[in-house]
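Chain and residue survey
So you can see what is in the structure, the chains are spelled out below.
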Amino acid sequence: MVLRVLASAGLASLSLFCPGFGRAEEVLPAFQADFETACIAAEDWKISSLLDKSVRADRIRCVGEQGTGDGGRVLSVTVKPGDAYNPDPGSSATERAEIQMTRELIRFDTTTWYSFQFRVEAPWLTRKNRTVIQQIKQNIDPRYEKGRGGEEICDPGNPLFKIEVDSDGKTPVFRAKSAGTETCGDSVGQVHFCGDWPIAPGHWHRVNVSIRPSQKAGESHLQLWLDGRACPAYRGVLGYPRYGMTKAGKPVIDAQPRFGIYRDALPDVSQTIQFNDIAFWTRSPAGHPAWSGIDIPSD
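Residues numbered from 1 in each chain as written. Predicted model: local features only at pLDDT ≥ 70, side-chain atom pairs only at ≥ 80, totals over all residues. Heavy atoms only, no water.

1. A few points about the overall build of the protein chain
Rules: In DSSP terms, a helix is any run of H or I states spanning at least four residues, a strand is any run of E spanning at least two, and both are numbered starting from the N terminus. Think of it in three bands: residues with accessible area under 20% of the maximum for their type are buried, residues over 50% are exposed, and the middle band is partly exposed, with areas taken using a 1.4 Å probe on protein chains only. The contact criterion used throughout is that any non-hydrogen atoms of two residues lie within 4.5 Å. Here, Shrake-Rupley sampling with a 1.4 Å probe gives the accessible areas, and only protein chains in the shown set may cover a residue.
Within the protein chain, the regular secondary structure consists of two helices and 17 strands. The buried share among the 299 residues of the protein chain stands at 49%. For the protein chain, the proportion of contacts with a sequence separation of at least 24, taken over those separated by at least 6, is 68%. About 14300 Å² of surface is accessible on the protein chain, with carbon and sulfur atoms providing 50% of the total.

Here it is in structure tokens:
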């Protein structure tokens, strides 16, 4: 008993003189977007290649925002009719304004954690329309893609993970989908595993993601939270084991996380979304304020 009391007293003294003692260590991100000083730094981001260079400064920019809590600048992305238009005769015509990370932070059979805030501006949509705000892709290897020569087997692949903010005809709705299959083609192997959850235009919402993509059955782990509300975990295959992109003979996630708007073409609708506090971790972020209140699964 005496030893326990002495030990407790010692711990109390350390906590008194060392304020950080006894608390979970705050794990710093491996990457954190800096929209305040650099905005879209070329070493960190690339812009949709089909987006006309003459309109990029209008569609993708950093703006002042008092509603983020720190009064700093945030990323604002707007898509207008015809932006990066792709007629895509095999599916639906599309438009986009996105930025994509240049760093390879998402890898197969490795866990990565990331978090970001987003806010959609009203009016967002008053009709249903596929509208992706964040995605990660393993594309189909060009050798197997229709229209590129070679074996011409596959349509272009779906993102292995994507987040949409669509509409139910009255309000924006949040949903998440995954894709993974031994076969190939648009919409093959796609799973709608989260949502539809209504969100409020003009309000900031936080997304937290824990992702370990794998092409082995049962080895993926994908967990998502919206404003602290957990989606069901997804554990199926992610990507395209037979026909997906490879590097040095190993499967590779060739399209790292994208943020912005990718949608089925709308001839008369402009949309704007803002992002803030984008950060990625390569080890558990337990203890970091962005993950406060989140029950982070063990790796």
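2. A short note on the nonpolar core
A general trend in soluble globular proteins is that nonpolar side chains are found buried together. Put simply, the rule is: We define the nonpolar core as a collection of buried residues of types Ala, Val, Leu, Ile, Met, Phe, Trp, Tyr and Cys that are connected through side-chain atoms lying within 4.5 Å of one another.
Judged by nonpolar contacts, the single largest core of 54 residues is most densely connected at Phe118, Phe161, Phe174, Leu224 and Phe275. If sequence neighbours within four positions are ignored, Phe275 has contacts with Phe35, Val74, Leu75, Val77, Phe116, Gln117, Phe118, Ile133, Trp204, Phe259 and Gly260.

3. A short note on the pairing of strand β11 (residues 205–212)
In plain terms, the rule: Should DSSP find at least two bridges between two strands, the strands are taken to pair.
Counting buried positions over the eight residues of β11 gives seven, a clear majority of the element. Here strand β6 (residues 112–120) pairs with β11 via seven bridges, running antiparallel. If you follow Tyr114 over to β11, its bridge partner there is Val209. Direction of pairing for β11 relative to strand β12 (residues 221–226): antiparallel, over a ladder of six bridges. Its bridge partner being in β12, Val209 is matched across the sheet by Leu224.

4. Section: the sheet that holds strand β16 (residues 255–264)
Hydrogen bonds between backbone groups are what pair the strands of a sheet, and the pairing can be parallel or antiparallel. This is how it is decided: Angles run from 0 to 180 degrees between N-to-C directions of axes, and those axes are lines fitted to C-alpha atoms, restricted for helices to the stretch in contact.
Ordered by their spatial adjacency, seven strands build an open sheet running β2-β5-β16-β7-β8-β9-β10, and the pairing between neighbours is antiparallel. The outermost strands of the open sheet, each flanked by one partner alone, are β2 (45–47) and β10 (190–198). Recorded for the sheet is a direction-independent mean angle of 20° between the axes of neighbouring strands. Two strands pair when backbone bridges link them, and β2 and strand β5 (residues 94–101) are joined in this way by three bridges, in the antiparallel orientation. For Ile47, the partnering residue across the bridge sits in β5 and is Ile99.

5. Focus on the pattern of salt bridges
We count it as follows: By convention in these notes, a salt bridge is any Lys or Arg side-chain nitrogen within 4 Å of a carboxyl oxygen on Asp or Glu.
Taken as a whole, this structure holds 18 salt bridges when the rule is applied. Residue Arg130 is joined to Asp264 by a salt bridge in which the shortest nitrogen-to-oxygen separation is 2.6 Å. Of this pair, Arg130 sits in the loop between β6 and β7 (131–137) while Asp264 sits in strand β16, and the two are 134 residues apart along the sequence. Residue Arg130 is classed as partly exposed on the basis of its relative accessible area of 24%. A salt bridge links Lys146 to Asp155; the nearest nitrogen and oxygen atoms lie 3.6 Å apart. One continuous salt-bridge network, built from bridges that share partners, spans Lys162, Glu164, Asp166, Arg175, Lys177 and Asp196.

6. Details of the packing of aromatic side chains
Spelled out, the test is: Any Phe, Tyr or Trp ring, taking Trp's six-membered ring, that has another such ring centre within 6.5 Å forms a pair; planes under 30 degrees apart are called stacked, those over 60 apart edge-to-face, and the others tilted.
For the structure on display, the rule yields 16 aromatic pairs. Seen from their ring centres, Tyr114 and Phe116 are 6.5 Å apart, and the 15° between their planes marks the pair as stacked. What makes Tyr114 buried here is its relative accessible area of 0%. Pairing Tyr114 with Phe280 gives two aromatic rings, centres 4.7 Å apart and planes at 20°, and the pair type is stacked. With Tyr114 in strand β6 and Phe280 in strand β17 (residues 271–281), this residue pair connects regions lying 166 residues apart in the sequence. The exposure classification of Tyr114 matches that of Phe280, with both residues buried. Put simply, the rings of Phe31, Trp45, Tyr114, Phe116, Phe118, Phe174, Trp197, Phe259, Phe275 and Phe280 touch in pairs and so form one group of aromatic residues.

7. Topic: the environment of Glu98
Stated formally: Polar contacts, as counted here, are pairs of nitrogen or oxygen atoms within 3.5 Å of one another; within protein the pair requires one atom able to donate a hydrogen and one able to accept it, and residues that are adjacent in sequence qualify only if both atoms are side-chain atoms.
If you trace the backbone, Glu98 turns up in strand β5. Along the backbone, Glu98 and Val77 are 21 residues apart, and their C-alpha atoms lie at a distance of 7.5 Å. Beyond its immediate sequence surroundings of up to four residues, Glu98 is in contact with Lys46, Ile47, Ser48, Ile60, Gln135, Arg258, Phe259, Gly260, Ile261 and Tyr262. Engagement of the side chain of Glu98 in a polar contact is seen with the side chain of Arg96, the distance being 2.4 Å.

8. Remarks on the state of the cysteines
This is how the line gets drawn: When the sulfur atoms of two cysteines come within 2.5 Å, that pair is taken as a disulfide.
Following the criterion strictly, the structure yields two disulfides and no others. One disulfide bridge connects Cys39 with Cys62, the sulfur atoms lying 2.0 Å from each other. The S-S bond linking Cys39 to Cys62 shows a torsion near 95°; that makes this disulfide right-handed. Of this pair, Cys39 sits in the loop between β1 (31–32) and β2 while Cys62 sits in strand β3 (residues 60–64), and the two are 23 residues apart along the sequence.

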